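Residue-level listing of the chains:
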Amino acid sequence: MTDLAEHGREDFIPLKAITERQNISRKYLESIMTSLSKAGLVEGAHGKGGGYRLCREPDEYKVSEILTLTEGTLAPVACLTPGATPCEMAERCRTLPMWKKLDKLINDFFDSYTLADLMAKDGDFNNWVI
């Protein structure tokens, strides 16, 4: 997504160009782009001049949205995965409050950044307020 954002929303960017710049396999990128395309985050075009481009401006994409779509869940433990079967030990689990707090921290953190934030010229994560 950062690669697409670097190249604007005008032109379609070929998968081959992205795989070469990002040093990732074409097969892996194809699976990611299929998911992103089905969810309406990117637009794809086939044939000469084809490839992918963003559907929205970079500041309209939350990092959490992208990660959840591509990774499935950001939950630190299986029992906090959306749609998970309730754990029979939840009521007496001594660590569950800690995992819930971590889950909230993870989600709040990734919700607070956009694709545009990742594109910031300084790229200095050390200056980001957490």
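Residue positions are given per chain, counting from 1 as you read along its sequence in written order. Since the coordinates come from a predicted model, pLDDT governs what is reported: local features require at least 70, and pairs of side-chain atoms require 80 or more to be given and counted, while whole-chain, interface and lining totals use all residues. Side-chain descriptors were evaluated using all non-hydrogen atoms of the structure, hydrogens and water having been removed beforehand.

K.L.:
I tried to follow the overall build of the protein chain on my own but got confused; where do I start?
P.N.:
Put simply, DSSP H or I for four residues or longer makes a helix, DSSP E for two residues or longer makes a strand, and each gets a number counted from the N terminus. When helices and strands are tallied, the protein chain shows six helices and two strands. In summary, the protein chain has a C-alpha radius of gyration of 18 Å against a globular reference of 14 Å for 130 residues, an excess of more than 25%. Based on the C-alpha atoms only, the size of the protein chain along its principal axes is roughly 60 × 35 × 25 Å. For every residue, the accessible area obtained with a 1.4 Å probe (protein chains only) is divided by the maximum for its type, and the residue is called buried under 20%, exposed over 50%, and partly exposed between those limits. For the protein chain, the residues scored as buried account for 28% of the 130 residues in total. Residue contacts are counted whenever heavy atoms from the two residues lie within 4.5 Å of one another. Sequence separation of at least 24 residues holds for 55% of the intrachain contacts in the protein chain that already meet a minimum separation of 6. Here the protein chain has roughly 9000 Å² of accessible surface; of this, 53% comes from carbon and sulfur atoms. Distance from the positive charge centre (16 side chains) to the negative charge centre (20 side chains) of the protein chain: 5 Å. Radius of gyration means the value over C-alpha atoms here, while the globule rule gives 2.2 Å times the residue count to the 0.38 power. Computed by Shrake-Rupley with a 1.4 Å probe, the accessible areas treat only the displayed protein chains as cover when residues are assessed. Note on charges: Lys and Arg go in the positive column, Asp and Glu in the negative column, and His and the chain ends are not counted at all. For the purpose of locating charges, the reference atoms are NZ of Lys, CZ of Arg, CG of Asp and CD of Glu.

K.L.:
What should I look at first to understand the environment of Thr70 in this one?
P.N.:
Considering the arrangement of structural elements, one finds Thr70 in helix H4 (residues 63–71). By relative accessible area, Thr70 is classed as partly exposed at 29%. For the pair formed by Thr70 and Met33, sequence separation is 37 residues and the distance between their alpha carbons is 9.1 Å. Thr70 has contacts with Ile32 and Leu36, leaving out every residue within four places of it along the chain. In the analysis that follows, any N or O atom pair within 3.5 Å is treated as a polar contact, provided that within protein one partner can donate a hydrogen and the other can accept it, and provided that, for residues neighboring in sequence, both atoms belong to side chains. Of note is the side chain of Thr70, whose polar atom sits 2.9 Å from the backbone oxygen of Ile66.

K.L.:
Looking at this structure, I do not really get the side chain of Ser64. What am I missing?
P.N.:
By the secondary structure assignment, Ser64 is in helix H4. Side chain to side chain, Ser64 and Asp111 meet in a polar contact 2.4 Å long. If we ignore the near neighbours within four places in the chain, the residues touching Ser64 are Phe110 and Asp111.

K.L.:
Can you help me understand the packing of helix H2 (residues 15–22) against helix H3 (residues 26–38) in this one?
P.N.:
To characterise two packed helices, one gives the angle between the axes of the helices and the distance between these axes. Axis geometry follows a simple rule: fit a line to the C-alpha atoms, using only the stretch in contact for helices, then measure angles between N-to-C directions, giving values from 0 to 180 degrees. Interaxial distance between H2 and H3 falls to 10 Å at its minimum, and their mutual angle equals 120°. When the axes of H2 and H3 are compared, the pair comes out oblique. Between H2 and H3 lies a crossing of right-handed hand. Contact with H2, carried on its side by Leu15, Lys16, Ile18 and Thr19, involves Arg26, Leu29, Glu30 and Met33 of H3 and no other residues of that element. Considered class by class, the residues forming the contact of H2 with H3 number four nonpolar, one polar and three charged. Relative orientations are named as follows: roughly parallel for angles under 35 degrees, roughly antiparallel for angles over 145 degrees, roughly perpendicular for angles from 65 to 115 degrees, and oblique for any other angle. The handedness criterion is simple: a crossing whose near helix is rotated anticlockwise from the far helix by less than a right angle is left-handed, and one whose near helix is rotated clockwise is right-handed. Three residue categories are used. Nonpolar comprises Ala, Val, Leu, Ile, Met, Phe, Trp, Tyr, Cys and Pro, charged comprises Asp, Glu, Lys and Arg, and polar comprises the others, including Gly.

Purely spatial values, then, with no claim about function.
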